[in-house]
Amino acid sequence: MDKQKKFTLSLLIILCLTMIVSTASAQYLLVPMDQKQTNHLKAYGLTYWALEVPREHKCYWWLNYRGGAFVIPDNENVRLRAAQMGVTVEQMSAAEYQTIKETTIETSNMDEILLEKAPKIAVYAPPEDTQYRDPWDDAVKIALEYAEIPYDQIWDKEVQRGALHTEGYDWLHLHHEDFTGQHGKFHGSYSHQVWYQQRMALFETAAKEAGFKTVAEHKGQTAQDIADYVAKGGFIFAMCSAPETLDIALSTKGGKVDIVDPALDATPLDPDYQKKLDFKRTFAFENFILYPNPNRYEFSDVDNPKPDLSPQSGVENFKLFEFSAKHDPIPTMLTQNHVTEVRGFLGQTTSFNADRVHKSVTILGKIEGTNYVKYIHGTLGKGTFTFLGGHDPEDYRHLVGEGKVPTNLDLHKHSPGYRLILNNILFPAARKKPQKT
């Protein structure tokens, strides 16, 4: 064998040994969430997968470090899964982990949060075995399915029989929902559409089968059951019209104050409905003025008018607030991102009027120079709620009927808006300090 071949063989042996030693010494995988991540959204799915049974790895969330990086115990299965999902991971030895933790995490506005288990997730939506289908899609279902995170779909029947408690759900999602019994305020524009008529029939039948006289009372009971679930320690995340209509339903004492126009339910509107609203029962909003006119698309003045429908204008863009990771870990978790400004997006409820938000609620993101807040968080009893305005972070003006062509997240792997949704999905996995009752 000549010298050149011997040298090449020796070099290959050295490289192989180096790789073996490197792999053997690596005890952690760092999942960066800054600009070096190749798929931000699936990175959440990888972390969720690592937490699931039978793996049950103890993972960490490094708040404010490299966009909110995750740390997962290193093994061949995790590396293979990351490669399959197209997620960037970096091997890290125990010494490197300790050095970063001691010299960076512990000495800056950062923190390490232990992720203990994969949360059990429920999505509130009509059952799929009915003739009716919503003519819009659900951004959270899209996010969950893209990140390969499992969930159960439940509706009023399951909520009212106590499934949120008995089935052990850690997290409930609500999206484009109407808990007020006004059928989404679609009467003016869509009352002659087949999908709207099917929707009305489905909701009225469900209310009757459950023993309620009106849809408002049926949905109002669901709203109260959700509030009870949160008060006892549950977590909810709601988008679009769900945050606003949930609080409206609660303020009517579960539909006992009639705010629904007779054109929709054939029962008289309470003449003193505005005075009878009880704002002590709501999650986030207070002192709002209702719009019961069935031909008006808005529910109340919780939502803000849409001044410009051009995504290029940037008028709906919102800034995420920065929080102290060590003193305010929950708001910090919920705002982890690789950007500080998120491109705006519309919805039936696009953003929240700051004058109608309880002072106890934490503002996570707002449209600068306005009183429009986009992203909020608060507590109710032992649980928490997080509300995000808008319908779909990557579909600026989502219209009825566009659900036939769902947003393709392969085109939006780095979506900051979808990252906010996925922050909420992993939030219940975090170990938290006991709350005072």
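Residues numbered from 1 in each chain as written. Predicted model: local features only at pLDDT ≥ 70, side-chain atom pairs only at ≥ 80, totals over all residues. Heavy atoms only, no water.

A. Region of interest: the overall build of the protein chain. Per the secondary structure count, the protein chain includes 15 helices and 15 strands. In terms of C-alpha radius of gyration, the protein chain reaches 24 Å, essentially the compact-globule figure of 22 Å for 437 residues. Scored against the burial criterion, the 437 residues of the protein chain give a buried share of 56%. In the protein chain, 76% of the contacts between residues at least 6 apart in sequence involve partners at least 24 apart. Roughly 19,400 Å² of accessible area belongs to the protein chain as shown, and the carbon and sulfur atoms make up 52% of that amount. (Helix = DSSP H or I, 4+ residues; strand = E, 2+ residues; numbered from the N terminus. Rg over C-alpha atoms; globule rule 2.2 N^0.38 Å. Buried < 20%, exposed > 50% of the residue type's maximum accessible area, 1.4 Å probe, protein only. Contact = heavy atoms within 4.5 Å. Areas by Shrake-Rupley, 256 points an atom, 1.4 Å probe, with all protein chains shown as cover.)

B. Quick peek at the pattern of salt bridges. This model, assessed by the stated rule, comprises 15 salt bridges. With a closest N to O distance of 3.0 Å, Lys 276 and Asp 270 form a salt bridge. Among the residues examined, Asp 270 registers a relative accessible area of 14% and is labelled buried. Between Lys 319 and Glu 341 there is a salt bridge; the shortest N-O distance is 3.9 Å. Here Lys 319, found in strand S10 (residues 318-320), pairs with Glu 341, found in strand S11 (residues 341-342); they are 22 residues apart in sequence, far enough to count as distant. Classification of Lys 319 by relative accessible area gives partly exposed; the value is 26%. The network of salt bridges with common partners includes Asp 34, Arg 66 and Glu 90. (Salt bridge = Lys/Arg side-chain N within 4 Å of Asp/Glu carboxyl O.)

C. Molecular detail of the packing of aromatic side chains. This model, assessed by the stated rule, comprises 22 aromatic pairs. For the ring pair Phe 235 and Phe 427, a centre distance of 5.1 Å and an interplane angle of 75 degrees mean the geometry is edge-to-face. In this pair, Phe 235 is assigned in strand S9 (residues 235-239) and Phe 427 in the segment after helix H15 (416-426), connecting sequence segments 192 residues apart. Owing to a relative accessible area of 14%, Phe 235 belongs among the buried residues under this scheme. Joined through ring pairs, the aromatic side chains of Tyr 28, Tyr 60, Trp 62, Tyr 65 and Tyr 97 make up one cluster. For the cation-ring pair, Lys 185 lies above Phe 299, with the distance from its terminal atom to the ring centre recorded as 5.7 Å. Here the basic side chain of Lys 374 rests over the ring of Phe 345, its NZ or CZ set 4.2 Å away from the ring centre. (Phe/Tyr/Trp six-rings, centres within 6.5 Å; stacked < 30°, edge-to-face > 60°. Lys NZ or Arg CZ within 6 Å of the ring centre and 35° of its normal.)

D. Inspection of the side chain of Ser 251 at higher detail. As for its position among the elements, Ser 251 is in helix H11 (residues 241-251). When residues no more than four places from it in sequence are discounted, the contact partners of Ser 251 are Lys 276, Leu 277, Asp 278, Phe 279, Thr 282 and Phe 288.

E. Main features of the nonpolar core. Residues Leu 46, Met 239 and Ile 421 are the most contacted members of the largest nonpolar core, which totals 62 residues. A per-element tally of this core places helix H2 (residues 40-51) first, with 8 residues. Excluding its chain neighbours within four sequence positions, the residues that come into contact with Ile 421 are Ala 139, Val 140, Ala 143, Phe 237, Met 239, Leu 388 and Pro 393. Core analysis: the next-biggest nonpolar cluster, separate from the first, contains 55 residues, Trp 136, Phe 179, Tyr 229 and Phe 283 among them. (Core = buried A, V, L, I, M, F, W, Y, C linked by side-chain atoms within 4.5 Å.)

F. Fine view of unusual backbone geometry. Residue Pro 54 is bonded to the preceding Val 53 through a cis peptide linkage, with omega at 10 degrees. Mapped onto the elements, Pro 54 comes out in the loop between H2 and strand S2 (59-63). Positive phi is not limited to glycine here, since Cys 240 has a value of about 55 degrees. As for its position among the elements, Cys 240 is in the loop between S9 and H11. If you check the backbone angles, Lys 253 has positive phi at about 60 degrees while not being a glycine. Positionally, Lys 253 belongs in the loop between H11 and helix H12 (262-265).

G. Highlighting helix H10 (residues 215-231). Over its 17 residues, H10 extends 24 Å from the first C-alpha to the last, a length consistent with the 24 Å expected when each residue adds 1.5 Å. H10 sits mainly inside the fold: 13 of its 17 residues count as buried. Looking one or two residues past H10, Gly 233 carries a phi angle of roughly 120 degrees, positive in sign. (Expected span 1.5 Å × (residues − 1).)

H. Here's a closer look at the confidence of the model for the protein chain. When the pLDDT values of the protein chain are averaged, the result is 90; 90% of them are 70 or greater. Low pLDDT, under 50, characterises residues 433-437; the predicted model gives this stretch 3 contacts beyond four residues in sequence or across chains. (pLDDT = per-residue confidence, 0-100.)

I. Structural context of the environment of His 358. Within the fold, His 358 resides in the loop between strand S12 (352-353) and strand S13 (362-366). Overall, His 358 belongs to the buried group, its relative accessible area being 12%. Considering only alpha carbons, one finds His 358 and Lys 213, 145 residues apart in sequence, at a separation of 32 Å. Not counting residues within four places of it along the chain, the set of residues in contact with His 358 comprises Phe 279, Thr 282, Phe 283, Ala 284, Phe 285 and Glu 286.

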